[in-house]
Amino acid sequence: MEDSGRIVENGSNRPRTFSRLRRLPVVGRAADWGLGPRAVSKNTRQAGPRIAGLKADVSVCPYCSVGCSQLVYTRHGELVDIEGNPDSPINQGTLCPKGSASRQLIQQPGRLTKVRYRRPGGTEWEELELEQAMDMIAERLIRAREDHWQERDERGRRVDRTLGFAHLGGATLDNEENYLIKKLFTAMGAVQIENQARI
Ligand code: SF4
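Quick notes on the rules
Residues numbered from 1 in each chain as written. Predicted model: local features only at pLDDT ≥ 70, side-chain atom pairs only at ≥ 80, totals over all residues. Helix = DSSP H or I, 4+ residues; strand = E, 2+ residues; numbered from the N terminus. Contact = placed C-beta atoms within 7 Å. Near = placed C-beta within 6 Å. Nonpolar A, V, L, I, M, F, W, Y, C, P; charged D, E, K, R; others polar. Expected span 1.5 Å × (residues − 1). Core = buried A, V, L, I, M, F, W, Y, C linked by C-beta atoms within 7 Å. Buried ≥ 20, exposed ≤ 12 C-beta atoms within 10 Å, placed from the backbone.

Peer 1: Before we move on, could you go through the environment of N85 and cite the residues and values that matter?
Peer 2: Tracing the sequence through the fold places N85 in the loop between strand 4 (78-84) and helix 4 (97-100). It is 5.3 Å that separates the C-alpha atoms of N85 and L71, two residues lying 14 residues apart in sequence. Sequence-distant contacts of N85, defined by excluding residues within four places in its chain, comprise V58, S69, Q70, L71 and G93.

Peer 1: Help me get a handle on the site of the ligand, residues and values and all.
Peer 2: Neighbouring the ligand are C61, Y63, C64, V66, G67, C68, N91, L95, C96, K98 and G99. For the shell around the ligand, the residue count by class is 7 nonpolar, 3 polar and 1 charged.

Peer 1: Can you explain helix 7 (residues 175-187)? Please cite residues and give values.
Peer 2: In a regular helix each residue adds 1.5 Å, so 13 residues correspond to 18 Å; helix 7 covers 18 Å between its end C-alpha atoms and thus fits that length. Following helix 7 by one or two positions, G189 adopts a phi angle in the positive range, close to 100 degrees.

Peer 1: How would you explain the nonpolar core if you had to name every residue and give the values?
Peer 2: In globular proteins that are soluble, nonpolar side chains generally tend to be buried together. Within the largest apolar cluster, 7 residues are counted, these being I51, L54, A56, L71, V72, Y73 and I82. Ignoring sequence-local partners within four residues, the contact set of Y73 consists of I51, L54, K55, A56, V80 and D81.

Peer 1: I'd love a proper account of the environment of R75, names of residues and values included.
Peer 2: Take R75: it is sitting in strand 3 (residues 69-75). Residue R75 is classed as exposed on the basis of its 12 C-beta neighbours within 10 Å. For the pair R75 and L54, spaced 21 residues apart in sequence, the C-alpha separation works out to 5.4 Å. Leave out the neighbours within four places in its chain, and R75 touches L54 and V80.

The analysis is restricted to geometry; functional conclusions fall outside its scope.
Below you can see the structure in the form of structure tokens.
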């Protein structure tokens, strides 16, 4: 991540829209869903914000095409928390449950880190080395291209393509990865190539 973050001093990351209205006690409490400064108890104020002293960087939730903005909090380069960015006109500080859990993309201890393979007809998962799995994918891609290569279409027009495979880019692939995937699959003759890139 680019080192452009700022250090949080007072933790006041509540939405700033309608700020004058929000200063009115009842309206402010309602507008901030009971979470704004008007609802803070004396004890909480003394304890201080839990994000104080952390570095905050702006990012984008990688999960869906809503594109909610996030604040990523770190301490000495270590990820500590991810919250909605109140400055974003899209999500105004909120995140859905999936976006709120995006820290688990990095820090979930139960996350799979090995390639798992269930062979045709198999009933159990096997663990493969990454290199072996990549070789298997490459072999199948080459075979599918050779078996389904189309030089001309049904009207005899030159097409030089294959409909034997397609590519669908996942939500957490970034623009640069999808750019390279598009180039690779087009060069191999694929027609159906889509992605959801925005990060
Ligand atoms: S926070 Fe939820 S709604 Fe927003 S981009 Fe992420 S997954 Fe989509």
